[in-house]
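Coordinates in review
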Amino acid sequence: MKAVRWGLIGATNIAKTQVIAAIRADGGEIVNVMSSDAARGAAYARENHIPHSTTSLKALLSSDIDAVYISTTNNLHKRQHMAAVAAGKHILCEKPLTLKLADARAMVDAADKAGLVMATNHHLRNAATHGAMRDAIAKGRIGKAIFARVCHAVYLPAHLQGWRIKDTKTGAGVALDITVHDADTLRFVLGEEAVSVSAMVQNSGMGHSGIEDGIMGTMRFESGLLAQFHDAYTTRYARTSFEVHGTEGSLYAQDCMTQNPIGSVTLRDKDGEHALELAHENLYLRGVRAFHKAIHGKGQVLASGEDGLRSLAIALSALRSAKSHREVSIQY
Ligand code: NDP
C-alpha cells in the first residue's frame, strides 16, 4: 500500500503525544504542519521531525499530501475541514467536530459529496475493553441491556488548563470535550441511538466565567435503556469505568475511559465472575490504520463523520437540558 502523506492542521498536544506516532506506526508520512505562529510551528516541526511548517492553510493544502489531521481548537475545525474538502484531501478531524449541529452536518455532507474519507478521532471505541463489551452484548451474554453507567471524571492536567476552561469561543467546557466521548462510546458499545438526555452541570472553580467543569446526566436510548454519565475536570483521584447491566448479566469495565490501551472487563452472571479476554493495542493506531485502509478503498473508518455529528448532537442536547432544566430530545 502506498504511504499516506499527511498535513497536520494545528501544532497541538494531542498530535504530539498520540497521533503523529500512530500515523508513523502505520507507515504514514507527515509532510507539513500548520500553526498560526511561525516560530512555534517551526520549533514543533523540528521537535517532531516534520520536514516543513507553515502559517498558511492554503500552503499546507497545496503541499503534496493526501490527508489532513485537524486538531486545532474546536471553533476552527469547520473552516479548516471545508478548505481541506475543497482541496480534495481526506480528513481525520478531532472531536467535537465543531460547535453547531448544522455546521457538523455541512462538514459531513461536503466530504461525502466530494467522495473523500472523513473520520472523527473518537479513539475510545477502538479500546479492547469497549470492543469486548460490544461483542458480549451483541452475543446476548447479558440478556437485554437495560442500564449503563459511565464514569469519565478525571483531573485536567496543568498543561491542558488553557482554552478548555477559559475561552468560551473555542467550545470550552467538559461537555464538548468529554461527554462527546461518552456519547460515542455508549452508541458503539450498545449498538443503538440515544433519543433524549437530561443533565446538570457544575462549576467548582476550575472553569473560568462559569464554564462547566463537571456534568452528570442520563441519556435515554431507543430500547428504553438509561445511561448515566459523569464527566469532570476536577476529580484528582476518581477511576474511570463503564458498566452495562442486563437482564442476564452485568459488564464492569475499569480504567477504560483513557487514551492508553489498558483496563479490564468483568462479566458477572449466574455462574459468577469471568474476566473477558482483551487484545490491547494503541487506540489511535487502530483508528489511523482503518483510516489509511479506507483511503485505499479497503473497508470503513472506525468512527465516521456521522458518528462525530451524533456525539456532538448528544453533548449539545445535554447542555441545553442543563440550561432548561428539562429532558431534551436529541435531533440529529
Ligand atoms: P492544544 O491546546 O495543544 O492546541 C490547540 C490550539 O492551541 C492549537 O491549534 C495551537 O495553535 C494552539 N497552541 C498550542 N500550544 C500553544 C502554545 N504553547 N501557545 C499558544 N498557542 C498554542 O490542544 P489539544 O491537543 O489539547 O486539543 C486539540 C483538539 O484535539 C481539540 O479539538 C480537542 O478536543 C481534541 N482532543 C482530542 C483527544 C482525543 O483523544 N481524541 C484528546 C485531546 C484533545 P496553532 O494551530 O496555531 O498551532
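Since this is a predicted model, take the numbers as computed values, not measurements.

**Regarding the pairing of strand E4 (residues 67-70)**
One face of the sheet, then the other: side chains in a regular strand alternate in exactly this way. A two-sided burial pattern is seen for E4, the buried positions comprising Ala67 and Tyr69 on one face and Val68 and Ile70 on the other. Where strand E1 (residues 5-9) lies against E4, four bridges are found, and the strand directions are parallel. Opposite leucine 8, over in E4, you have tyrosine 69 as the bridge partner. In terms of strand pairing, E4 meets strand E5 (residues 90-93) through four bridges, oriented parallel. Note on E5: the bridge partner recorded for valine 68 is isoleucine 91. Tracing the backbone out of E4, into helix H4 (residues 77-86) and back to the parallel element E5 gives a crossover that is right-handed.

**Brief notes about the pattern of salt bridges**
Within this structure, the stated rule accounts for 22 salt bridges. Here aspartate 307 ties to arginine 125 by a salt bridge, and the two come within 3.4 Å at their closest N and O atoms. Placement of aspartate 307 in helix H10 (residues 305-324) and of arginine 125 in the loop between strand E6 (118-120) and helix H6 (128-138) is noted, with a sequence separation of 182 residues between them. Accessibility expressed as a relative area gives 10% for arginine 125, which makes it buried. With a closest N to O distance of 2.9 Å, arginine 149 and glutamate 243 form a salt bridge. Here arginine 149, found in strand E7 (residues 145-153), pairs with glutamate 243, found in strand E11 (residues 241-246); they are 94 residues apart in sequence, far enough to count as distant. Here glutamate 243 falls in the buried class, since its relative accessible area comes to 13%. When salt bridges that share partners are traced, they join Arg105, Arg125, Asp184, Arg187, Glu193, Glu306, Asp307 and Arg310 into one network.

**Focus on the domain arrangement of the protein chain**
Taken domain by domain, the protein chain comprises domain 1 (5-121) and domain 2 (124-284 + 312-329). One C-alpha centre belongs to domain 1, the other to domain 2, and the line joining them spans 26 Å. Of the roughly 1400 Å² buried between domain 1 and domain 2, counting both surfaces, carbon and sulfur atoms make up 62%. Taken as a group, Gln18, Lys95 and Leu99 account for 35% of the area that domain 1 buries against domain 2, more than any other trio of residues on that side. There are one salt bridge connecting domain 1 and domain 2.

**Focus: the pairing of strand E13 (residues 264-269)**
Looking at chain direction, strand E12 (residues 249-254) and E13 are connected through six bridges and run antiparallel. In the strand pairing of E13, glycine 249 is matched with aspartate 269. Two elements, E13 and strand E14 (residues 272-275), share four bridges in a ladder whose sense is antiparallel. Each bridged residue has a counterpart across the sheet, and for arginine 268 the counterpart in E14 is glutamate 273. The loop that links E13 with its antiparallel partner E14 comprises two residues.

**Describing the sheet that holds strand E15 (residues 328-329)**
Strand order across the open sheet formed by nine strands is E14-E13-E12-E11-E7-E10-E9-E8-E15, with mixed pairing between neighbours. This sheet does not close on itself; its edge strands, each paired only once, are E14 and E15. Together, strand E8 (194-202), strand E9 (214-221), strand E10 (226-232) and E15 form the strand contacts of H10, whose direction differs from that of E8 by roughly 55°.

**Here's the deal with the packing of aromatic side chains**
Going through the model one piece at a time under the given rule, you end up with one aromatic pair. Geometrically, the ring pair formed by tryptophan 6 and phenylalanine 291 is tilted, given 5.2 Å between the ring centres and 35° between the ring planes. Of this pair, tryptophan 6 sits in strand E1 while phenylalanine 291 sits in helix H9 (residues 283-295), and the two are 285 residues apart along the sequence. Its relative accessible area of 0% is what places phenylalanine 291 among the buried residues. Over the face of the ring belonging to phenylalanine 188 we find arginine 134, whose NZ or CZ atom lies 4.5 Å from the ring centre.

**Side note on the sheet that holds E1**
The six strands are arranged E3-E2-E1-E4-E5-E6 in an open sheet whose pairing can be described as parallel. On the outer flanks of this sheet lie strand E3 (52-54) and E6, each paired with one strand and no other. The mean angle between the axes of side-by-side strands here comes to 20°, regardless of whether they run parallel or antiparallel. Where E5 lies against E6, three bridges are found, and the strand directions are parallel. From the neighbouring strand, leucine 92 faces E6, where its bridge partner is alanine 119. Contacting E1, strand E2 (29-34) and E3, helix H2 (residues 38-47) crosses the sheet at an angle of about 160° to E3.

**Considerations on the environment of arginine 134**
Positionally, arginine 134 belongs in helix H6. Arginine 134 gets classed as partly exposed once you look at its relative accessible area, which sits at 35%. Once the C-alpha coordinates of arginine 134 and valine 244 are considered, the two residues, 110 residues apart in sequence, prove to be 9.9 Å apart. In this structure, arginine 134 is in contact with Phe188, Val189 and Gly191, ignoring residues within four places of it in sequence.

Cut-off values and rules
- Residues numbered from 1 in each chain as written.
- Predicted model: local features only at pLDDT ≥ 70, side-chain atom pairs only at ≥ 80, totals over all residues.
- Heavy atoms only, no water.
- Buried < 20%, exposed > 50% of the residue type's maximum accessible area, 1.4 Å probe, protein only.
- Helix = DSSP H or I, 4+ residues; strand = E, 2+ residues; numbered from the N terminus.
- Pairing = 2+ DSSP bridges.
- Right-handed = clockwise from strand over helix to strand, strands pointing away.
- Salt bridge = Lys/Arg side-chain N within 4 Å of Asp/Glu carboxyl O.
- Domains from an automatic or database assignment.
- Buried area = accessible area lost by both parts, 1.4 Å probe.
- Contact = heavy atoms within 4.5 Å.
- Axes fitted to C-alpha atoms, helices over the stretch in contact; angles between N-to-C directions.
- Phe/Tyr/Trp six-rings, centres within 6.5 Å; stacked < 30°, edge-to-face > 60°.
- Lys NZ or Arg CZ within 6 Å of the ring centre and 35° of its normal.

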